[in-house]
Amino acid sequence: MIPVPRDTGPAGPSGPAGPSGDAAPDPATRSALSARDGDPTAQAVFVRSTQAEVWRFVAALVGPESADDLAQETYLRAFKALPAFEGRSSARTWLLGIARRACADHLRTVIRRRRLDERLAANAHTDRPHPDPAGQLGANDLVRRLSPERRAAFVLTQLLGLSYAEAAAVEGVPVGTIRSRVARARDELVEAVDDARTG
């Protein structure tokens, strides 16, 4: 089944860390700001409160087999960049933006290696389609077939529950672009499910 949109809840634009910045920071942002100032307890709290979401995001973008390494890379980059974090956006969107860039760097490396492998073994079968023995694809398989941009927008908004504005901040694009990517991702997923069912 295709995952249905989640209610964004209090972490959305009407929650404690709304885009206006007038309200008090959310807990993750508070712990990031304290961690920036050198509080080791806050550093641990920041990681604990965000690591599951970071892992889910990177797993959706690049696959669960690389998620542990990329989540770790995300936090290495985040703690290196933490002195410059001023809390203008929520720590959640800031951190997921770092995760997205870590995934992009990883994918570029994978593509370079794959191209090299293809040149070295021109006759190897790497991406040959294979039938789905169960007659239908799992949700993760379907999401992985989306283009990277549509997959990221879909995962951020429909699986992780970010608002369109928060997803736009993570991706560094206008809100309308996120809306368009999510709509196209949904269309692709529906079409893929129909194709899988009809064989």
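Residues numbered from 1 in each chain as written. Predicted model: local features only at pLDDT ≥ 70, side-chain atom pairs only at ≥ 80, totals over all residues. Heavy atoms only, no water.

Undergrad: Before we move on, can you summarise helix α2 (residues 40-62) with the specific residues and values?
TA: In this model, α2 (23 residues) spans 30 Å end to end at C-alpha, consistent with the 33 Å of a helix rising 1.5 Å per residue. Helix geometry: α2 is bent most strongly at T50, by close to 45 degrees. Turning to α2, its buried residues are A42, F46, T50, V54, F57, V58, A59, A60, L61 and V62. With a side-chain oxygen lying 2.9 Å from the backbone nitrogen of T41, the N-terminal cap of α2 falls on D39. Just downstream of α2, G63 is the residue with a positive phi angle, here 110 degrees. (Helix = DSSP H or I, 4+ residues; strand = E, 2+ residues; numbered from the N terminus. Expected span 1.5 Å × (residues − 1). Bend = angle between axes of the 7 residues up to and from the residue. Buried < 20%, exposed > 50% of the residue type's maximum accessible area, 1.4 Å probe, protein only. Polar contact = N/O pair within 3.5 Å; in protein donor to acceptor, adjacent residues only side chain to side chain.)

Undergrad: Could you give me a rundown of the packing of helix α1 (residues 27-36) against α2, with the residues and numbers involved?
TA: If you want to describe how two helices pack, look at the angle between their axes and the distance between the axes. Between α1 and α2, the shortest axis-to-axis distance is 8 Å and the interhelical angle comes to 145 degrees. Taken as a pair, α1 and α2 cross one another with a handedness that is left-handed. Residues A28, S31, A32, S34 and A35 of α1 touch α2, and the partners they reach there are A42, Q43, V45, F46, S49 and T50. Looking at side-chain class alone, the contact of α1 with α2 contains six nonpolar, five polar and no charged residues. (Axes fitted to C-alpha atoms, helices over the stretch in contact; angles between N-to-C directions. Left-handed = near helix turned anticlockwise from the far one by under 90°. Contact = heavy atoms within 4.5 Å. Nonpolar A, V, L, I, M, F, W, Y, C, P; charged D, E, K, R; others polar.)

Undergrad: An account of the nonpolar core is needed here, citing residue identities and associated values.
TA: Among the nonpolar cores identified, the biggest contains 47 residues, and F57, W94, L96 and L156 are the most heavily contacted of them. When contributions to this core are tallied by element, the ones reaching two or more residues are α1, α2, α3 (64-81), α4 (91-120), α5 (139-144), α6 (148-159), α7 (164-171) and α8 (175-198). No other element matches α2, which puts nine residues into this core. Here L156 is in contact with F57, L96, G161, L162, A167, V170 and E171, once residues within four sequence places are set aside. (Core = buried A, V, L, I, M, F, W, Y, C linked by side-chain atoms within 4.5 Å.)

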